[in-house]
Amino acid sequence: MSGGVRVMVVDDHPMWREGVARDLTEAGHLVVATSGEGRQAVRVAAAARPDVVVLDLQLPDVSGVEVIRGLRAALPEVRVLMLSASGEPQSVLDAVKAGATGYLVKSAAPAEFLDAVRRTAAGEPVFTPGLAGLVLGEYRRLAATPPSGPTDDSAPRLTERETEVLRLVAKGLSYKQIAERLGLSHRTVQNHVQNTLGKLQLHNRVELTRYAIERGLDD
């Protein structure tokens, strides 16, 4: 994504919230809104229309997971980057299943956080080291349950390249890694993923990975 990212910061600790907003502004991003409460955040985001919402897991009124669901309902295209003090596996999985694009713990270095915002805006899943494997493992567990999406007979036909990209998504590769593996640009990989999501009537990479694993594309 060229230029700065439109970001909203949601955290109930004013000093932390202001510090994150300052770091983002100094890095050339546009902080379009901040909030210390979950319900307010959903209302404000609908008007501010951020590209990325940096969201704390623990808020005084509702959980971060509920906020993710509200944000996704109000702004289906918004990306959510969790920035939480908790690295508990269940917290991570709950956030991802609700629609979060990435998850960082608050001990992350500033440079790592700013890179995560940029990558999240591009639709690339970003996780604190050690958490990506946890999420992929959960995809595989979910794949053991019956598919809820289209059956093989009714599923739209993907192109050979879309299937190739989907196979690498299921293996847990990042968009950058997929681009390097296939000799494509990062943007082209993103376009293939977005086209595949549209064809399969899926909403995010979590659902896409589950779809691929259900069909054995991660072998």
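In short, a report on the structure. Here the structure is a predicted model, which means the values were calculated and not measured.

Some words on the sheet that holds strand β2 (residues 30-35)
For step 1, the next point in the chain: Strand order in this open sheet of six strands is β2-β1-β3-β4-β5-β6, and the pairing throughout is parallel. The open sheet is flanked by β2 and β6 (126-127), the only strands paired with a single partner.
For step 2, the next point in the chain: Alignment of strand β5 (residues 102-105) against β6, held across two bridges, turns out to be parallel. Residue pairing for β6: Tyr 103 is matched across the bridge by Phe 127.

As for helix α7 (residues 160-170)
For step 1, the next point in the chain: Along α7, the positions that sit buried rather than exposed are Glu 162, Val 165, Leu 166, Leu 168, Val 169 and Ala 170.
For step 2, the next point in the chain: Following α7 by one or two positions, Gly 172 adopts a phi angle in the positive range, close to 90°.

With respect to unusual backbone geometry
For step 1, the next point in the chain: The phi dihedral of Arg 49 is positive, around 50°, even though this residue is not glycine.
For step 2, the next point in the chain: As for its position among the elements, Arg 49 is in the loop between α2 (38-48) and β3 (52-55).

Quick notes on the packing of α7 against helix α9 (residues 186-200)
For step 1, the next point in the chain: In contact at an axis separation of 10 Å, α7 and α9 are set at 95° when each is read in the N-to-C sense. Taken together, the axis directions place α7 and α9 in an arrangement best described as roughly perpendicular. In this structure, α7 contributes Arg 161, Glu 162, Val 165 and Val 169 to the contact, and α9 contributes Val 189, His 192, Val 193, Asn 195, Thr 196 and Lys 199.
For step 2, the next point in the chain: The residue inventory of the contact of α7 with α9, partitioned by class, reads four nonpolar, three polar and three charged.

Here we look at the layout of surface pockets
For step 1, the next point in the chain: Reported here for the largest pocket is a volume of approximately 490 Å³.
For step 2, the next point in the chain: Arg 72, Arg 79, His 203, Asn 204 and Arg 205 are the residues nearest the centre of the largest pocket, which is lined by 25 residues in total.
For step 3, the next point in the chain: Contributing elements (two or more residues each) for the lining of the largest pocket: α4 (89-98), α9 and α10 (205-214).
For step 4, the next point in the chain: The element best represented in the lining of the largest pocket is α9, accounting for four residues.

Rules used in this analysis
Along each chain, numbering runs from 1 in the same order as the chain's sequence is written. Where totals are concerned, whole chains, interfaces and linings use all residues; where local detail is concerned, this predicted model gives features only for residues with pLDDT of at least 70, and gives and counts side-chain atom pairs only at 80 or more. Only hydrogens and water are removed before side-chain values are computed, so all heavy atoms of the structure are retained for them. For two strands to count as paired, DSSP must find a minimum of two bridges between them. Secondary structure elements follow DSSP: runs of H or I of four or more residues count as helices, runs of E of two or more count as strands, with numbering from the N terminus. The buried label goes to any residue with under 20% of its type's maximum accessible area, the exposed label to any with over 50%, and the partly exposed label to all in between, with areas taken from a 1.4 Å probe on protein chains only. Here an axis means a line fitted to C-alpha atoms, over the contact stretch when the element is a helix, while the angle between two N-to-C directions is reported on a 0 to 180 degree scale. For classification purposes, an angle smaller than 35 degrees is called roughly parallel, one larger than 145 roughly antiparallel, one from 65 to 115 roughly perpendicular, and anything else oblique. A contact between two residues is defined here by any heavy atoms of the two lying within 4.5 Å. In this count, Pro and Cys sit with the nonpolar residues alongside Ala, Val, Leu, Ile, Met, Phe, Trp and Tyr, while Asp, Glu, Lys and Arg are called charged and the others, Gly among them, polar. Every definition here rests on a 1 Å grid over the protein atoms only: cavities are sets of points where a 1.4 Å probe fits but cannot get out, pockets are open sets enclosed by protein on both sides within 12 Å along at least five of seven lines, and lining residues have some atom within 4 Å of a point. Grid points are joined across faces, edges and corners, and a volume is the space filled by probe spheres set on the points.

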